[in-house]
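# Observations on the model geometry
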Amino acid sequence: MRFETLAIHAGERPERRFGAISVPIYQTSTFAFEDVGKPRGGYDYSRTANPTRKVLEDTIAQLEGGKAGFAFGTGMAAETTVIHLLKAGDHVVCGDDVYGGTYRLFQNVMSNLGLEFTFIRMNSRRAIEQAIKPNTRMLWLETPSNPLLNIVDIEMAVDIAKRHNLITAMDNTFATPYLLKPLEYGVDLVVHSTTKYLNGHCDVVGGAVVTTEKFAGQVHFLLNAMGTCASPFDCWLVLRGIETLPLRMRQHEQNAAAVADYLSQQPAVTRVYYPGLSSHPGHDIARRQMKGFGGMVSFELKGGLQAVNSFLKKMQIFALAESLGGAASLAEHPATMSHASMPREFREKVGITDALVRLSIGLENVDDLIDDIRQALQPS
Ligand SMILES: *Cc1c(COP(=O)(O)O)cnc(C)c1O
């Protein structure tokens with residue numbers, strides 16, 4: 001089956017007992033046993049496994065082309081679980097402009113438990129190889145990155161990882177499996193915040209991990225041991241969202257390309273970050289490894305924080321809010337919102353300046369979105 005069909009039919013659908021087309025929500029903590037040691041339907045306790053969650057896990061696994069999928073309470077719960085594949089003393093090489101929460105988890109939580117992290121710009125073989133140490137065990141990738149939309153050459157990164165016997169984990173939240181399938185390039189574990197495009201309607205927080213055969217058992221063990229799983233109702237919402245993922249991604253991209261193009265022509269805008277622009281440094285790699293460039297656009301405004309403030313206040317359709325990937329367009333200020341947990345010095349070094357604005361381009365009529373940006377750019 002092809003992607004659009006899998007998004008609607010993967011997993012046990014229709015459900016076996018009554019033929020329900022919509023996946024039933026098994027809102028139960030526990031399941032009856034037939035006999036000591038023998039649950040009636042194969043399920044015993046919902047932390048370990050739940051039938052609604054299983055359909056979502058199978059669906060995401062098939063969309064990513066992986067062996068096994070797992071659904072988590074949030075994207076951060078998924079990341080927390082994956083990073084526990086490592087033990088104290090292990091070292092991770094990680095992108096320097098990853099999601100702010102990823103940076104915070106690694107730098108402010110996992111470092112205290114004995115893991116070591118080096119954050120680098122993953123734009124060359126040399127940069128990655130120089131960061132590898134004898135105790136390096138994992139390469140953590142995010143491409144396109146949040147909020148700068150930097151592109152990592154996955155083929156190159158995986159090649160280095162294989163030579164040094166490292167696990168590769170990749171956060172595929174921005175691209176979604178519709179635009180990019182990291183496992184096809186040899187990545188071991190794909191991580192998602194399903195809160196974003198996979199669910200797509202800003203009404204749930206959730207996470208997912210898809211693995212190759214090698215890591216499936218360990219990830220399930222950790223999910224069950226740490227209790228990081230998603231609730232049945234949240235899984236149902238994400239399943240409903242995924243049914244329209246291909247349609248939504250195509251429209252997000254079409255709208256984002258038009259907005260990026262418009263912003264590029266505005267004198268008040270000093271810089272536009274969108275991998276679909278031929279001026280973007282990662283454009284050629286993105287074109288090679290992705291099926292499209294996605295729906296996120298970042299840009300810098302002339303006049304710094306003051307200009308940004310006035311712009312964000314004037315927006316009518318775009319709401320000033322964290323998060324992304326929903327039907328409704330959102331704008332946010334990474335320096336004080338999604339990436340506020342990064343120390344200023346580090347943030348500015350990687351390019352997340354006070355003048356940077358990040359847009360999640362929604363599914364509205366693109367002319368309305370551009371009109372909204374036009375009026376917000378007018379000097380007050
Ligand atoms: C939002 C986000 C996360 C964290 O996911 P939550 O569901 O908010 O816990 C991780 N990575 C990326 C790229 C994100 O955008």
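Fair warning: this is a prediction, and the values are worked out from it, not measured in the lab. (Residues numbered from 1 in each chain as written. Predicted model: local features only at pLDDT ≥ 70, side-chain atom pairs only at ≥ 80, totals over all residues. Heavy atoms only, no water.)

Below, the discussion takes up the site of the ligand. Taken together, 15 residues lie near the ligand, and Gly75, Asp171, Ser193, Thr195 and Lys196 sit nearest. Here an oxygen atom of the ligand and a backbone polar atom of Gly75 are 2.9 Å apart. With respect to the ligand, the backbone of Met76 contributes an N or O atom lying 2.9 Å from an oxygen atom. Per element, the largest residue contribution to the shell around the ligand is 3 residues, and it comes from helix α3 (residues 75–83). (Near = heavy atom within 4 Å. Polar contact = N/O pair within 3.5 Å; in protein donor to acceptor, adjacent residues only side chain to side chain. Helix = DSSP H or I, 4+ residues; strand = E, 2+ residues; numbered from the N terminus.)

Looking now at the packing of α3 against helix α4 (residues 100–109). For the pair α3 and α4, the least separation of the axes is 11 Å and the interaxial angle reads 35°. For the element pair α3 and α4, the recorded crossing hand is right-handed. Residue-level contacts link Met76, Glu79, Thr80 and Ile83 of α3 to Gly101, Thr102, Leu105 and Phe106 of α4. (Axes fitted to C-alpha atoms, helices over the stretch in contact; angles between N-to-C directions. Left-handed = near helix turned anticlockwise from the far one by under 90°. Contact = heavy atoms within 4.5 Å.)

Attention now goes to the domain arrangement of the protein chain. Split by domain assignment, the protein chain resolves into domain 1 (3–242) and domain 2 (245–377). Centre-to-centre separation of domain 1 and domain 2, based on C-alpha positions: 25 Å. With 40 residues of domain 1 in contact, the opposing surface of domain 2 contributes 42 residues. Buried area between domain 1 and domain 2, both sides added, is near 3,500 Å², and the carbon and sulfur share of it is 65%. For the pair domain 1 and domain 2, the interface holds 2 salt bridges. Two residues, Arg250 and Glu4, come together in a salt bridge whose shortest N-O distance is 3.2 Å. (Domains from an automatic or database assignment. Buried area = accessible area lost by both parts, 1.4 Å probe. Salt bridge = Lys/Arg side-chain N within 4 Å of Asp/Glu carboxyl O.)

Turning to the sheet that holds strand β11 (residues 296–301), a few remarks are in order. The strands making up a sheet associate through backbone hydrogen bonding, with each pair oriented either parallel or antiparallel. Spatial strand order, β10-β11-β14-β13-β12: 5 strands in an open sheet with mixed pairing. Two strands in the sheet have a free side with no partner beyond their single neighbour: β10 (269–273) and β12 (319–320). Where strand β13 (residues 330–332) lies against strand β14 (residues 356–360), 3 bridges are found, and the strand directions are antiparallel. The residue bridging Glu332 from the neighbouring strand is Arg358, located in β14. (Pairing = 2+ DSSP bridges.)

Assignment of secondary structure puts Asn199 in the loop between β8 (189–193) and β9 (207–211). Asn199 gets classed as buried once you look at its relative accessible area, which sits at 1%. The residues contacting Asn199, other than those within four sequence positions of it, are Thr194, Val204, Leu237, Val238, Gly241 and Arg248. (Buried < 20%, exposed > 50% of the residue type's maximum accessible area, 1.4 Å probe, protein only.)

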